[in-house]
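Descriptive analysis of the structure
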Amino acid sequence: MSTALALPEAVEDALRRVNPSLSRRSFLKSSGAVVVSVGIGAIPGGNVLAQAGGRGPYPDPDFRQLDTWIVIHPDNTATFFVGKTDGGQGTGTAFRQMMCDELDIAYDKTRLVMGRTDMTPDQGGSGGSDAIERDGWPMRRVAAEARRVLLELGSEHLDAPVAELTVRDGVISPASDPSRSVTYAELIGGKRFDVTLTGRDIDATTGEAAVKPVNELRVVGQSVRRYDIPAKVDGSLTWAVDMKLPGMLHARNVRPPFAGARLRGIDESSVADVPGFVRVVSRGNYVAVVCEREEQAIQAARQLKVDWAPPAEAPFPSSAGLFDYIRNATPTSSRGPEVTGDPDAALASAATVIEADYEVPFQGHTAIGPAHALADPSDNQLTIYSNDMKSYGLRRGVAEFLGLSPERVRVIYMDGPQVYGRTAADDVGFEAAFLAHELGRPVRVQWMRHEETAWDTKGPAYTFKLRGGLDAEGRLVALEYEARAVDYNHIGYNEPDTVLIAQLMGIRPDKPAEGRAETPSVLYAIPHRRITAHVVALPLIWETPLRTGNLRDPNGPQVTFAFESFIDELAAAAKADPAKFRLDMIAASPEDRVFRRARSLAALRAALEVYGWDERPSPKPRDSGPILTGRGLAYTYRSNTVVATIAEVEVNRETGRVWVKRLVCAHDCGLVINPEGLRRTVECGMLHGLSRALWEEVQFDTEKVLSVDWATHPSLRHSDTPETIDVVLVNGDPNPNRPDLPHYGAGEASHKPVIAAVANAIHDATGVRLRRPPFRKERVLAALRAAEA
């Protein structure tokens, strides 16, 4: 069976450049090979492009072939193929900038194809904020290699030594005679590069050419406008949620009404009268209804009568009893203690000892768009249209789940909501694939709002116990840190035995994932330390809506909130300015290989300067009016990126409402590829962090999640938006102009310290320390009244 295929614009453009005679109509005519026909294998990149719209099988593109990465078209434009996805942060634009610079071609003469498993090399998709930091390097190196090959061809064509040639915007000329020139397109002349690259793995992919020194980059460092924004604004973009195929069916899941429920029976006659009803599909505790139209599937899912048996024991404590449960649970694994010096002796002799407990609830992704995917089993292959951030992992996972050869499965990445770990555990992609495989027709699955909010993967809840000792001069000499995270059976990336449909079917791995409890990421010189971290499990670890998985910077906001709040408590006890307290400890720490000490000092100082920080202890003298104001600071790093954030708040002492009036973030991620894109990424990371600081919390009783929609699980609103957000891009490298200045990740670092900065600002304003987010007005008002503030 062949079906119509709406190709992403970049793919259509790439195909059109290979063969200008092809029309859009021909692209859309079918998913068969009519798109690309005779002789395409002889065209640069043809072997890759030939698979676009092909009927399969879909072998892995060979990352050691230059033609897999770059196509030079007859009109002297280029298409880049990279194995990444863009979760809305503009990384696609940054990839093009880096590759344009190394290839020496104008940005507007290029296109980019991302995340198609049949067309792009497997770079693992997105995750970990490493798109620029790690995956940008092979992109730069292969583009540099393409330039080297083209210059050699140009040397022969122009009868001039390579060393005497210049190239700009895809045109090569002898420096001594610019009137003579040849274009990249004229050199390729319909030929492939046919250049084999080297490298032990895709991250190490390289050719013979070296990348350019930073001072020779012309496109990198420019705020090039993002190519993906116009279509998102004018509505012309085809999102993954918009994907349609002729003859496709629609499905909705029917989830157990409480965690750990067991399916006893289904009364299919209860939906027999639903128009367009096709079938009820069930296996184990997984249940779905399939209909011809979407609204019919929604009606059938609501109408289907299912008999569920409750579990014998409560699957988890209520959210009100969660933290007591965590503190009393026996750990499933522990890390440490990691001991430096003699913390017991140092605490015993300290002039002042401070202790505090902190708590962080489960927080979910609560994506603005519920999960969705479309799977097409046509031609005995399986194509999945998805916004999965790790399309290659989805392909492998689905192939194993269904017992198919990976070459029979392809995943076509399209833009969509979610990301930040949610679409790396792509439950809905597996569900659509399973249902399409069962019914032999394309099936589109979309989760409902209540389903998404209740059953998405959750960031782990934490408890912390901290103890610190100050000497007579107010210096921190000893610190104990103990964390407990509910993270046992942490869900992996598109694993065929841990996605929700597999769990509900009774499929299990041999051993649940151990999970992880994190420790702080700071460069503070503390001579005596004891660091311990434990993982604990809930009573029910399978088929539960309290599944833990990666949420943006998976453990960072929780750990940074507790640790940087406690550093503020110590600074207050020492009657020290909280910024100077931190700066002194960083200055006393040793330097590392990426100069995080120097860059941390530079970032902190930059944030203080832009904010206009006046040196004083916290809290400030209390205001007399109904609105209390204050400022708070938090510092951390994520991987190699350093960030310092200051929040300025207004706290209404009569209602408890907290408004973060201003945010300042100093951000050092090394070489900046696109300054404006980076600023917006940092800004959005902070706003997401602000939502987690002020609103987000998963609430549940002892059998189900109760916070299931925007009313019961509110998130950041327009009225919460800060009046001012200042983003300061810092280059704190000791040699800021060095030619090999590296580029680090920026997707998550700014998100990490926001909760702590807000908590510290609330304390500065009110003198009340809040040790558990979110800082909803009810909780803040209760704390203010308890403290008579």
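None of the values given here were measured: they were computed from a predicted structure.

Within the chain one finds 21 helices and 26 strands. In terms of overall dimensions, the chain is globule-like: its C-alpha atoms have a radius of gyration of 28 Å, near the 28 Å expected for 789 residues. Judged by the C-alpha coordinates and their principal axes, the chain covers about 80 × 80 × 45 Å. Within the chain, buried positions represent 62% of all 789 residues. Carbon and sulfur atoms form 49% of the exposed surface of the chain, whose accessible area is close to 28900 Å².

The contact between helix 17 (residues 578-587) and helix 18 (residues 596-611) brings their axes to 9 Å, and the two run at 165°. Looking at the two axes, helix 17 sits roughly antiparallel to helix 18. As for the relative orientation of helix 17 and helix 18, their crossing is left-handed in sense. On the side of helix 17, the interface is formed by Ala579, Arg582, Leu583, Ile586 and Ala587, while helix 18 contributes Arg597, Ser600, Leu601, Leu604, Arg605 and Leu608.

Turning our eyes to something else, we now look at unusual backbone geometry. Going from glycine 336 to proline 337, the amide bond is cis rather than trans, its omega being 10°. You can see proline 337 is positioned in strand 12 (residues 333-340). Here the bond from serine 618 into proline 619 is cis, since omega is 0°, no more than 30 degrees from zero. Within the fold, proline 619 resides in the loop between helix 18 and strand 23 (627-638). Here tyrosine 420, not a glycine, exhibits a phi torsion of approximately 50°, which is positive. Positive phi outside glycine occurs at glutamate 543, with the angle close to 55°. Turning to its location among the elements, glutamate 543 is positioned in the loop between strand 22 (528-536) and helix 16 (556-573). A relative accessible area of 12% means that glutamate 543 is categorised as buried.

What follows concerns the packing of aromatic side chains. Given two aromatic rings, their pairing is described by the distance between the two centres and the angle made by the two planes. Applying the stated rule across the entire model yields 13 aromatic pairs. Ring centres of phenylalanine 401 and phenylalanine 430 lie 5.7 Å apart, and the angle between their planes is 75°; on these two criteria the pair is classed as edge-to-face. Placement of phenylalanine 401 in helix 12 (residues 391-402) and of phenylalanine 430 in helix 13 (residues 427-439) is noted, with a sequence separation of 29 residues between them. Since its relative accessible area comes to 0%, phenylalanine 430 is described here as buried. Ring-pair connections join several aromatic residues into one group, and the members of that group are Tyr462, Phe464, Tyr481, Tyr524, Phe563 and Tyr635. Sitting over the ring of tryptophan 613, arginine 631 keeps its end group 3.6 Å from the ring centre.

Looking now at the sheet that holds strand 2 (residues 78-82). Taken in spatial order, the three strands of this open sheet run 1-2-3, and their pairing is mixed. Only two strands of the sheet have a single neighbouring strand rather than two, namely strand 1 (70-72) and strand 3 (110-114). Across the sheet, the mean angle from the axis of one strand to that of its neighbour is 15°, orientation sign disregarded. Taken together, the five bridges between strand 2 and strand 3 define a ladder with parallel strand orientation. When the bridges of strand 3 are listed, phenylalanine 80 appears paired with leucine 112. Across the sheet, helix 5 (residues 91-103) lies against strand 1, strand 2 and strand 3, angled at about 130° from strand 3, the strand it touches most.

Let us look at the nonpolar core. For soluble globular proteins, the rule of thumb is that nonpolar side chains tend to be buried together. Formed by 93 residues in total, the largest nonpolar core has its most connected members in Phe464, Leu479, Val758 and Phe775. Setting aside residues no more than four positions away along its own chain, leucine 479 makes contact with Leu466, Arg467, Gly468, Ile526, His528, Arg529, Arg530, Ile531, Phe563, Phe566 and Leu570. Counting 53 residues, the second-largest nonpolar core is a separate cluster that includes Phe316, Leu322, Leu546 and Val705.

An order of 23-24-25-26 is seen for the four strands of this open sheet, with the pairing classed as mixed. Looking at the sheet topology across the chains shown, the edges are occupied by strand 23 and strand 26 (724-729). Neighbour-to-neighbour, the strand axes of this sheet turn through a mean angle of 15°, independent of strand direction. Examined bridge by bridge, strand 25 (residues 658-668) and strand 26 share six bridges and lie parallel to one another.

Turning next to the pattern of salt bridges. It is possible for side chains of opposite charge to pair when their charged atoms get near one another. Within this structure, the stated rule accounts for 76 salt bridges. The salt bridge involving glutamate 438 is made with arginine 279; its shortest N-O contact spans 3.4 Å. You can see glutamate 438 sitting in helix 13 and its partner arginine 279 sitting in strand 9 (residues 277-283), a full 159 residues away along the chain. Under the relative-accessibility criterion, glutamate 438 is labelled partly exposed at 30%. Its salt-bridge partner being aspartate 668, residue arginine 599 comes within 3.1 Å of it at the nearest N-O pair. Taken together, the residues span a long stretch of sequence, with arginine 599 in helix 18 and aspartate 668 in strand 25 at a distance of 69 residues. Classification of arginine 599 by relative accessible area gives buried; the value is 1%. For aspartate 668, a relative accessible area of 1% corresponds to the buried category.

This part is about the packing of helix 16 against helix 17. Look at helix 16 against helix 17: their axes get within 9 Å of each other, and the N-to-C directions meet at 105°. Our classification of the angle between helix 16 and helix 17 gives roughly perpendicular. In contact with Glu564, Ile567, Asp568, Leu570 and Ala571 of helix 16, helix 17 contributes Pro578, Phe581, Arg582 and Met585. Along the lines of polarity and charge, the residues of the contact of helix 16 with helix 17 split into six nonpolar, no polar and three charged.

To continue, consider the side chain of glutamine 97. By the secondary structure assignment, glutamine 97 is in helix 5. Within the structure, glutamine 97 has its side chain in polar contact with the backbone oxygen of glutamine 222 (distance 3.0 Å). Once residues lying within four places of it in the same chain are set aside, the contact partners of glutamine 97 are Tyr107, Val219, Val220, Gly221, Gln222, Val224, Ile673 and Asn674.

With that settled, the discussion passes to helix 21 (residues 777-786). Taken together, the buried positions of helix 21 are occupied by Val780, Leu781, Ala783 and Leu784. When helix 21 is viewed along its axis, its buried side chains cluster within an angular range of 165° and face the same direction. In helix 21, those exposed residues whose orientation departs by more than 90 degrees from the buried face are Glu778, Arg785 and Ala786. Residues of helix 21 that are buried in the fold lie against strand 24 (641-652), strand 25 and helix 20 (754-766). After helix 21 finishes, the residue glutamate 788 shows a positive phi value of roughly 55°.

Thresholds applied
Residues numbered from 1 in each chain as written. Predicted model: local features only at pLDDT ≥ 70, side-chain atom pairs only at ≥ 80, totals over all residues. Heavy atoms only, no water. Helix = DSSP H or I, 4+ residues; strand = E, 2+ residues; numbered from the N terminus. Rg over C-alpha atoms; globule rule 2.2 N^0.38 Å. Buried < 20%, exposed > 50% of the residue type's maximum accessible area, 1.4 Å probe, protein only. Areas by Shrake-Rupley, 256 points an atom, 1.4 Å probe, with all protein chains shown as cover. Axes fitted to C-alpha atoms, helices over the stretch in contact; angles between N-to-C directions. Parallel < 35°, antiparallel > 145°, perpendicular 65-115°, else oblique. Left-handed = near helix turned anticlockwise from the far one by under 90°. Contact = heavy atoms within 4.5 Å. Phe/Tyr/Trp six-rings, centres within 6.5 Å; stacked < 30°, edge-to-face > 60°. Lys NZ or Arg CZ within 6 Å of the ring centre and 35° of its normal. Pairing = 2+ DSSP bridges. Core = buried A, V, L, I, M, F, W, Y, C linked by side-chain atoms within 4.5 Å. Salt bridge = Lys/Arg side-chain N within 4 Å of Asp/Glu carboxyl O. Nonpolar A, V, L, I, M, F, W, Y, C, P; charged D, E, K, R; others polar. Polar contact = N/O pair within 3.5 Å; in protein donor to acceptor, adjacent residues only side chain to side chain. Arc of directions from axis to C-beta.

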